[in-house]
Amino acid sequence: MKEKIFSSLGYGGLGVTLSFLLIVLFYPPYTGMNTLLPIYIAGLFLGGSFGVLKGKVRASGYAFLVGFFLTLILYTLWLKVEFSMLYSFSLLVAVVFVMGLVSAESTLDVSIVPFAYFGGFILANLLFMNSTISEIEGSAVSIVLVGVAGTVIATVVIFLKSFLENTARMSKKI
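Quick look at the structure, then. Quantities reported herein were computed from a predicted structural model and do not represent experimental measurements. (Residues numbered from 1 in each chain as written. Predicted model: local features only at pLDDT ≥ 70, side-chain atom pairs only at ≥ 80, totals over all residues. Heavy atoms only, no water.)

Its volume calculated, the largest pocket comes out at about 280 Å³. Taken together, Phe20, Met33, Leu36, Tyr40, Phe118, Phe121, Ile122, Asn125, Leu126, Met129 and Val144 form the lining of the largest pocket. Counting residues per element, the ones that place at least two in the lining of the largest pocket are α2 (33-53) and α6 (107-127). Per-element tally for the lining of the largest pocket: the top contributor is α6, with five residues. Partitioned by chemical class, the residues of the lining of the largest pocket number 10 nonpolar, one polar and no charged. (1 Å grid on protein atoms, 1.4 Å probe; cavity = no way out; pocket = protein on both sides within 12 Å on 5 of 7 lines; lining within 4 Å. Points joined across faces, edges and corners; volume = space filled by probe spheres on them. Helix = DSSP H or I, 4+ residues; strand = E, 2+ residues; numbered from the N terminus. Nonpolar A, V, L, I, M, F, W, Y, C, P; charged D, E, K, R; others polar.)

Quick look at the structure:
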């Protein structure tokens, strides 16, 4: 059951990211969110459904959760307390910690991690789309930079961890 949940989250994040790319490529910038939101929901639903039926990923599900919750935490901190852009980058330690503890199921799982993390980031941003975050100086830049940096960090950590695990497995065979 736990495996199906993480597969659903990982592929759901992939679906949200692919929806984002579809929107960026084919929709003009002035398109209203009431038009775009069903595309994001469809991507999340289709990706999550595929993950339940066919997927077998674990690290991608964790990457989705980390991207989602890290973005939620950033929004909450920026909106509720005096916060700094410098502090926001310290939250990226959570990405290193979680992705360092999780092992990937396969090469496909490793490949989906950046898309799942970014999908979680996008979904959390959609939850706060009507907030007044843009009025706080440095907040939007901080959140976007942490989202992009978190995606890169999650990818590098899971690639490195997978490489080290496979190297150790190969050296035991010799």
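What follows continues from the structure just given.
This brings us to a nonpolar patch on the surface. There is a patch of nonpolar side chains on the surface, built from Leu22, Leu25, Phe26 and Tyr27 and spanning about 440 Å² of accessible area. You can see Leu22 is positioned in helix α1 (residues 2-26). (Patch = residues over 30% accessible without salt bridge, like charges linked within 9 Å, V, L, I, M, F, W, Y side chains within 5 Å. Areas by Shrake-Rupley, 256 points an atom, 1.4 Å probe, with all protein chains shown as cover. Salt bridge = Lys/Arg side-chain N within 4 Å of Asp/Glu carboxyl O.)

What follows is about the packing of aromatic side chains. Under the counting rule described, the total for this entry stands at seven aromatic pairs. Here Phe6 and Tyr62 contribute two aromatic rings whose centre-to-centre distance is 4.3 Å and whose plane-to-plane angle is 20°, an arrangement assigned as stacked. You can see Phe6 sitting in helix α1 and its partner Tyr62 sitting in helix α3 (residues 59-80), a full 56 residues away along the chain. For the ring pair Phe118 and Phe121, a centre distance of 5.5 Å and an interplane angle of 40° mean the geometry is tilted. Here the residue Phe118 and the residue Phe121 both occupy positions in helix α6, the gap between them amounting to three residues, near one helical turn. Classification of Phe118 as buried rests on a relative accessible area of 17%. Taken together, Phe20, Phe118 and Phe121 form an aromatic cluster joined through their ring pairs. (Phe/Tyr/Trp six-rings, centres within 6.5 Å; stacked < 30°, edge-to-face > 60°. Buried < 20%, exposed > 50% of the residue type's maximum accessible area, 1.4 Å probe, protein only.)

One can describe the packing of α3 onto helix α5 (residues 93-101) by two numbers: an axis separation of 10 Å at closest approach and a directional angle of 165°. Regarding the angle of α3 to α5, the classification is roughly antiparallel. The crossing of α3 and α5 is right-handed. Judged by residue contacts, Ala59, Tyr62, Ala63, Val66 and Leu70 of α3 engage Val95, Val98 and Met99 from α5. Taken together, the residues that form the contact of α3 with α5 break down as eight nonpolar, no polar and no charged. (Axes fitted to C-alpha atoms, helices over the stretch in contact; angles between N-to-C directions. Parallel < 35°, antiparallel > 145°, perpendicular 65-115°, else oblique. Left-handed = near helix turned anticlockwise from the far one by under 90°. Contact = heavy atoms within 4.5 Å.)

Turning next to the environment of Gly120. Mapped onto the elements, Gly120 comes out in helix α6. Sequence separation of Gly120 and Tyr40 is 80 residues, and the distance between their C-alpha atoms is 12 Å. Residues contacting Gly120, with those up to four places away along its chain left out, are Phe64, Gly67 and Phe68.

Take the packing of α3 against helix α7 (residues 139-173) next. The N-to-C vectors of α3 and α7 enclose an angle of 160°; their axes lie 10 Å apart at closest approach. Considering the angle they form, α3 stands roughly antiparallel to α7. Here the hand of the crossing between α3 and α7 comes out right-handed. Across the interface between the two elements, Ala59, Leu70, Thr71, Leu74, Tyr75 and Trp78 of α3 pack against Ser139, Ser142, Ile143, Val146 and Ile158 of α7. For the contact of α3 with α7, the per-class residue count stands at eight nonpolar, three polar and no charged.

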